[in-house]
Amino acid sequence: MSTTRRTRNLSATFVAIGVVLTAFQPTTALAATEQVLQPPADIGELSATLKAVITERNQQILSDPATSSSRTQLQLFSAKSKAKVAAEYDELKARKTRLAAYGQGYSSVITTFESEIFKFEAERASAEITERTDLTYTTGGPPESYRYEQIVEFTKTDSGWTIDSVKPKNEGGLPPSTVVSAAQLAPAPGARKPLILGPGQVATEAKASAPNSHVPQTKPGTGPKSDQEVTLAAGYNYTAMTNYALNWALGRNGAYRSFGNDCQNFVSQSLKTGGWADQGGWYTYDNSWWYTFANQTYSWVGAQNFRNFAVGQGRVSYLSDLNDLGPADVLQVHWPEGTPDVDHSMFVTYSPWSAGTRDIRVSYHTTDTLNRSIWNLYSSFPYATWYGLRT
């Protein structure tokens, strides 16, 4: 098997057997048993192919039908994968319609490719790519951005290379706005059931009112927060929390360990930055919350464990409507399949109240995403159950 890495701003392509080289070694420096391979001539074709299909996929969600209706790149997929890809495009179209019902849409998309690593074996090839995409909302506000690692698999035929599949590198991540997962193509599950947290404990699901049809609550402790809030409330600095989340949504802070499923770790870091104090205790107990150089509590890195701690210790309160979410609040989601636990945590980084509309955006890790609309999330995952936590 040969492996080739292509990254932006590289002046040359390097090939080796089973490894990715970071610098070129002249032939004279290699042991006699090592083999120097020439970069496959097909790399340019494969790179152009994967970029064409991913760019077209991302355009399916745009509001402009002249752009979003194009499916010319379906011909680049193998016969066994065309039907699945067409179904994904249909779901993106339906998702766009659902999002429009909330008064939102996308006006433009820009996709770049930060790295490409190609592997070849006989008549098959694969590419591990990192995509960075920026989406502009028709309602204005900051763009939505995500960084997404994918695996593209190819087969060589008499007429050239075709794509067999495009799949996430990390199967546990939340799919971006332009990607449809297998679960999203599955038949609709039954009615959503409330999340049972323990004896006599049921989580409060947040309703999804249209952005302009619900006035946020004004009760103490549950009223809307303002983006301009800079004063400390209960000793917390929500601006510091939000700024931290905005800064690290698409990256990793080296001062903390990173995990394969990093969503709650990211939320905990943001809360800690704004003043959340450690609470001592054994690391497996959900009445403790802390991080040290050597270890961290389950509640620091687990979405359900965090919910158990934050609700149980009075650090948060449930919101009855998604429109009540304000800066530095936490949005959690439970998928209809799987165990009856919270599955993912997100952090509110944008929520202005303008002209009667609450345009709320969240940022999160896995998949790394900056300022995604909660209405986009709700329209992308209509069978999920959502929980808003006031911090």
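All values reported here derive from a predicted model rather than from experimental measurement. (Residues numbered from 1 in each chain as written. Predicted model: local features only at pLDDT ≥ 70, side-chain atom pairs only at ≥ 80, totals over all residues. Heavy atoms only, no water.)

Focus: the nonpolar core
Then, number 1: Core analysis: the largest hydrophobic core is formed by 30 residues, its most contacted members being Leu331, Met346, Leu377 and Trp386.
Then, number 2: When contributions to this core are tallied by element, the ones reaching two or more residues are β3 (106-121), β4 (124-137), β5 (144-157), β10 (330-334), β11 (344-350), β14 (361-364) and α9 (374-380).
Then, number 3: With residues up to four places along the chain from it excluded, the contact list for Met346 reads Leu174, Val267, Asp329, Val330, Leu331, Val333, Val362, Ser363, Tyr364, Leu377 and Trp386.
Then, number 4: In this structure, Tyr236, Ala245, Phe309 and Tyr318 belong to the second largest nonpolar core, which totals 24 residues. (Core = buried A, V, L, I, M, F, W, Y, C linked by side-chain atoms within 4.5 Å. Buried < 20%, exposed > 50% of the residue type's maximum accessible area, 1.4 Å probe, protein only. Helix = DSSP H or I, 4+ residues; strand = E, 2+ residues; numbered from the N terminus. Contact = heavy atoms within 4.5 Å.)

What to know about the packing of aromatic side chains
Then, number 1: Under the criterion given, the structure shown has 22 aromatic pairs.
Then, number 2: Ring geometry for Tyr102 and Trp375: centres 5.3 Å apart, planes at 25 degrees, overall stacked. Residue Tyr102 is found in the loop between α3 (79-100) and β3, and its partner Trp375 is found in helix α9; the two are separated by 273 residues along the sequence. Residue Tyr102 shares its accessibility class with Trp375, and that shared class is buried. (Phe/Tyr/Trp six-rings, centres within 6.5 Å; stacked < 30°, edge-to-face > 60°.)

Side note on the pairing of β3
Then, number 1: Bridge count for β3 against β4 is 14 bridges, and the pairing is antiparallel. Residue pairing for β4: Ile117 is matched across the bridge by Glu128.
Then, number 2: Adjacent in sequence and paired antiparallel, β3 and β4 are bridged by two residues, among which Ala122 carries a positive phi angle near 55 degrees. (Pairing = 2+ DSSP bridges.)

Quick look at the environment of Tyr350
Then, number 1: Topologically, Tyr350 is positioned in strand β11.
Then, number 2: Assessed through its relative accessible area of 21%, Tyr350 is described here as partly exposed.
Then, number 3: Sequence-wise, Tyr350 and Leu325 are 25 residues apart; in three dimensions their C-alpha atoms are separated by 9.5 Å.

A few points about the packing of helix α5 (residues 238-248) against helix α6 (residues 263-273)
Then, number 1: The contact between α5 and α6 brings their axes to 7 Å, and the two run at 140 degrees. Between α5 and α6, the angle falls in the class oblique. Our pair here, α5 against α6, has a crossing hand that is right-handed. Residues Ala240, Met241, Tyr244, Ala245 and Trp248 of α5 pack against Phe266, Gln269, Ser270, Leu271 and Thr273 of α6.
Then, number 2: Residue classes in the contact of α5 with α6 are distributed as seven nonpolar, three polar and no charged. (Axes fitted to C-alpha atoms, helices over the stretch in contact; angles between N-to-C directions. Parallel < 35°, antiparallel > 145°, perpendicular 65-115°, else oblique. Left-handed = near helix turned anticlockwise from the far one by under 90°. Nonpolar A, V, L, I, M, F, W, Y, C, P; charged D, E, K, R; others polar.)

Details of α5
Then, number 1: Where α5 is concerned, the buried positions are Tyr238, Met241, Thr242, Tyr244 and Ala245. Seen end-on, α5 carries its buried residues on one side only, within an arc spanning 160 degrees.
Then, number 2: Turning to α5, the residues buried within the fold contact α6 and β11.
Then, number 3: Residue Asn237 occupies the N-cap position of α5, its side-chain oxygen lying 3.1 Å from the main-chain nitrogen of Thr239. (Arc of directions from axis to C-beta. Polar contact = N/O pair within 3.5 Å; in protein donor to acceptor, adjacent residues only side chain to side chain.)

Some remarks on α6
Then, number 1: Of all 11 residues making up α6, nine are buried, and the element is well covered by its neighbours.
Then, number 2: Where α6 is buried, its residues contact α5, α7 (298-301), α8 (303-312), β10, β11 and β14.
Then, number 3: After α6 finishes, the residue Gly275 shows a positive phi value of roughly 120 degrees.

Examining unusual backbone geometry
Then, number 1: Across the junction of Thr366 and Thr367, the peptide omega takes the value 0 degrees, indicating a cis bond.
Then, number 2: Looking at where Thr367 falls in the secondary structure, it is placed in the loop between β14 and β15 (369-373).
Then, number 3: The backbone of Ala122 shows a phi angle near 55 degrees, a positive value even though the residue is not glycine.
Then, number 4: Despite not being glycine, Asn371 has its phi angle at roughly 60 degrees, a positive value.

A short note on the side chain of Asp359
Then, number 1: Relative to the helices and strands, Asp359 resides in the loop between β13 (357-358) and β14.
Then, number 2: Here Asp359 falls in the buried class, since its relative accessible area comes to 9%.
Then, number 3: Looking at Asp359, its side chain comes within polar contact range of the side chain of Gln104, at 3.0 Å.
Then, number 4: In this view, Asp359 contacts Gln104, Thr139, Gly140, Tyr350, Ser351 and Pro352; residues no more than four positions away in its chain are not counted.

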